[in-house]
Amino acid sequence: MSQLPGIEGAKQLAAYTAVDKHILPHHKIIGIGSGSTVPYVVERIMQQGTELNKGRTFIPTGFQSKELIIEARLNLGDVDQYLTIDVTIDGADEVDAQLNCIKGGGACHLREKVLAEAAKSFIIVADYRKNGKYLGENFAHGVPIEVVPFAYAKVLQNLRSVLGSPNASLRMAKAKAGPVVTDNANFVIDAPFSRDLIKDPSSLLTKIKLLTGVVEVGLFCNIAQAAYFGNQDGSVTIKRVEGAKVIEESIAAS
Ligand SMILES: O=C(CO)[C@H](O)[C@H](O)COP(=O)(O)O
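Criteria and thresholds
- Residues numbered from 1 in each chain as written.
- Predicted model: local features only at pLDDT ≥ 70, side-chain atom pairs only at ≥ 80, totals over all residues.
- Heavy atoms only, no water.
- UniProt positions renumbered as here; feature names shortened; annotations may be inferred.
- 1 Å grid on protein atoms, 1.4 Å probe; cavity = no way out; pocket = protein on both sides within 12 Å on 5 of 7 lines; lining within 4 Å.
- Points joined across faces, edges and corners; volume = space filled by probe spheres on them.
- Near = heavy atom within 4 Å.
- Polar contact = N/O pair within 3.5 Å; in protein donor to acceptor, adjacent residues only side chain to side chain.
- Areas by Shrake-Rupley, 256 points an atom, 1.4 Å probe, with all protein chains shown as cover.
- Sits in = over half its atoms within 2 Å of the grid points.
- Nonpolar A, V, L, I, M, F, W, Y, C, P; charged D, E, K, R; others polar.
- Phe/Tyr/Trp six-rings, centres within 6.5 Å; stacked < 30°, edge-to-face > 60°.
- Lys NZ or Arg CZ within 6 Å of the ring centre and 35° of its normal.
- Domains from an automatic or database assignment.
- Buried area = accessible area lost by both parts, 1.4 Å probe.
- Salt bridge = Lys/Arg side-chain N within 4 Å of Asp/Glu carboxyl O.
- Buried < 20%, exposed > 50% of the residue type's maximum accessible area, 1.4 Å probe, protein only.
- Helix = DSSP H or I, 4+ residues; strand = E, 2+ residues; numbered from the N terminus.
- Pairing = 2+ DSSP bridges.
- Axes fitted to C-alpha atoms, helices over the stretch in contact; angles between N-to-C directions.
- Parallel < 35°, antiparallel > 145°, perpendicular 65-115°, else oblique.
- Left-handed = near helix turned anticlockwise from the far one by under 90°.
- Contact = heavy atoms within 4.5 Å.

Under an unreviewed UniProt entry, the name given to the protein is Ribose-5-phosphate isomerase, and the organism recorded is Boletus reticuloceps. Check the Sequence similarities (unreviewed entry) section of the UniProt entry for the protein; it says "Belongs to the ribose 5-phosphate isomerase family."

Below, the structure written as structure tokens:
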């Protein structure tokens with residue numbers, strides 16, 4: 001299905017397959033996530049045709065996806081107008097066996113979580129590198145935590161000395177002197193945790209969220225209904241919730 005080589009091909013494959021399965025003609029309000037996989041989601045949605053898309057509204061998770069929606073000439077909305085979204089499709093930095101995710105590599109996880117929770121179905125698209133058994137297995141940068149700027153030093157201290165993340169650090173900008181500033185004018189801390197501390201991500205999420213000054217945590221627990229991973233051989237691995245279980249299946253390369 002994908003004509004692109006390597007990792008880009010894997011991202012495109014995941015995105016195209018997820019759109020084909022989850023963005024159906026009757027879906028009118030659609031959440032668009034952030035990152036480098038999501039442009040392929042928008043590409044595939046556009047391939048569904050102008051006629052279908054003119055009756056739809058697309059809600060972005062941040063500046064990047066807003067630009068994608070505008071450039072594609074799709075109808076733009078916001079989550080304060082549409083409290084219920086039919087489907088949100090987004091990327092992830094890592095997904096575990098239970099479909100818990102680390103998100104926020106692009107510092108958009110506050111809006112991403114609002115749109116994920118507002119959606120009747122929240123679907124992840126990623127390349128094979130993000131498909132793990134437990135969180136922190138491959139993604140070593142840590143859990144992204146959005147904080148209000150004036151509280152960042154205190155949150156850092158608490159993460160290091162109370163919650164057991166000695167290497168927690170303020171995310172610094174690459175082409176600007178100073179910290180990364182989110183779309184909500186906040187800072188981001190990246191907090192790596194040992195396997196022992198992250199093995200119950202819901203409990204860790206609660207502890208981090210209770211620190212005063214924390215706005216949102218990039219741990220998405222029990223929110224995703226399915227994750228699509230494009231593989232190097234052109235196949236797609238799908239993990240999806242069925243009842244109380246997560247089922248894993250594969251679509252062979254076409
Ligand atoms: O959470 C995110 C942004 O905050 C992204 O969805 C995540 O970083 C994955 O991005 P990519 O598709 O580039 O791997």
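Visitor: How would you sum up the layout of surface pockets? Please name residues and give values.
Guide: In this model, the largest pocket occupies a volume close to 220 Å³. Lining the largest pocket are 17 residues, with S34, G35, A92, D93 and G106 positioned closest to its centre.

Visitor: I'd like to hear about the site of the ligand, residue by residue, with values.
Guide: Not every one of the 16 residues close to the ligand is listed here, only the nearest: S34, S36, T37, D93 and K130. Within the contact set of the ligand, an oxygen atom lies 3.4 Å away from a side-chain nitrogen or oxygen of D90. A distance of 3.4 Å separates an oxygen atom of the ligand from a polar backbone atom of G91. When the ligand sits alone it has 380 Å² of accessible area, and the protein chains cover 91% of it. Among the cavities detected, the one that contains the ligand is the largest pocket. Here the shell around the ligand is composed, by residue class, of three nonpolar, eight polar and five charged.

Visitor: Which residues make up the packing of aromatic side chains, and what values do they have?
Guide: Counted by the stated rule, this structure contains two aromatic pairs. Just above the ring of F220 sits the side chain of K103; from NZ or CZ to the centre is 5.6 Å. Positioned above the aromatic ring of Y134, the side-chain terminus of R195 is 3.7 Å from the ring centre.

Visitor: Outline the domain arrangement of the protein, listing residues and values.
Guide: Examined at the domain level, the protein breaks down into domain 1 (6–133 + 221–251) and domain 2 (143–218). Distance between the C-alpha centres of domain 1 and domain 2: 24 Å. Taking both sides of the interface into account, the surface hidden between domain 1 and domain 2 amounts to around 1,300 Å²; carbon and sulfur atoms contribute 56%. Among the residues domain 1 hides against domain 2, the three largest losses belong to H109, L110 and K113. Together they make up 40% of the total. Viewed at the interface, domain 2 and domain 1 are joined by one salt bridge. E216 serves as the salt-bridge partner of K113, at 3.0 Å between the closest nitrogen and oxygen. Here domain 1 is connected to domain 2 by ten residue pairs in polar contact (both at pLDDT 80 or more).

Visitor: Can you break down the pairing of strand β3 (residues 85–90) residue by residue, with the values?
Guide: Counted residue by residue, β3 has six buried out of six residues, so it is predominantly covered. Bridging between strand β1 (residues 29–32) and β3 involves three bridges; their strand directions are parallel. From the neighbouring strand, I30 faces β3, where its bridge partner is V87. As defined by bridge partners, β3 adjoins strand β6 (residues 119–127) across five bridges and the pair is classed as parallel. Each bridged residue has a counterpart across the sheet, and for T88 the counterpart in β6 is F122.

Visitor: Can you lay out the packing of helix α1 (residues 6–22) against helix α2 (residues 38–47) for me, pointing to particular residues and giving the numbers?
Guide: Axes are the key here: two packed helices are described by the angle between their axes and the distance separating the axes. Packing of α1 against α2 leaves a shortest axis separation of 8 Å and a crossing angle of 45°. If you check the angle between α1 and α2, you find them oblique. Here α1 and α2 pass one another in a crossing that is right-handed. Contacts between α1 and α2 involve E8, K11, Q12, A15, Y16, V19 and D20 from the former and Y40, V41, E43, R44, I45 and Q47 from the latter.

Visitor: How would you explain the sheet that holds strand β4 (residues 94–95) if you had to name every residue and give the values?
Guide: Overall, antiparallel pairing links the three strands, which are arranged β4-β5-β11 in an open sheet. The sheet is open, and its two borders are formed by β4 and β11 (219–220), each paired with just one other strand. Across two bridges, the pairing between strand β5 (residues 101–102) and β11 is antiparallel. Bridging from a neighbouring strand, C101 pairs with F220 of β11.

Visitor: Describe the sheet that holds strand β12 (residues 226–230), with residues and values.
Guide: Taken in spatial order, the seven strands line up as β2-β1-β3-β6-β12-β13-β14 in an open sheet, and their pairing is mixed. Each edge of the open sheet is held by one strand with a lone partner, namely β2 (57–60) and β14 (245–251). Across this sheet, the average inter-strand angle for adjacent strands is 20°, counted without regard to direction. Where α2 meets the sheet, it contacts β1, β2, β3 and β6, and its direction lies at approximately 150° from that of β1.

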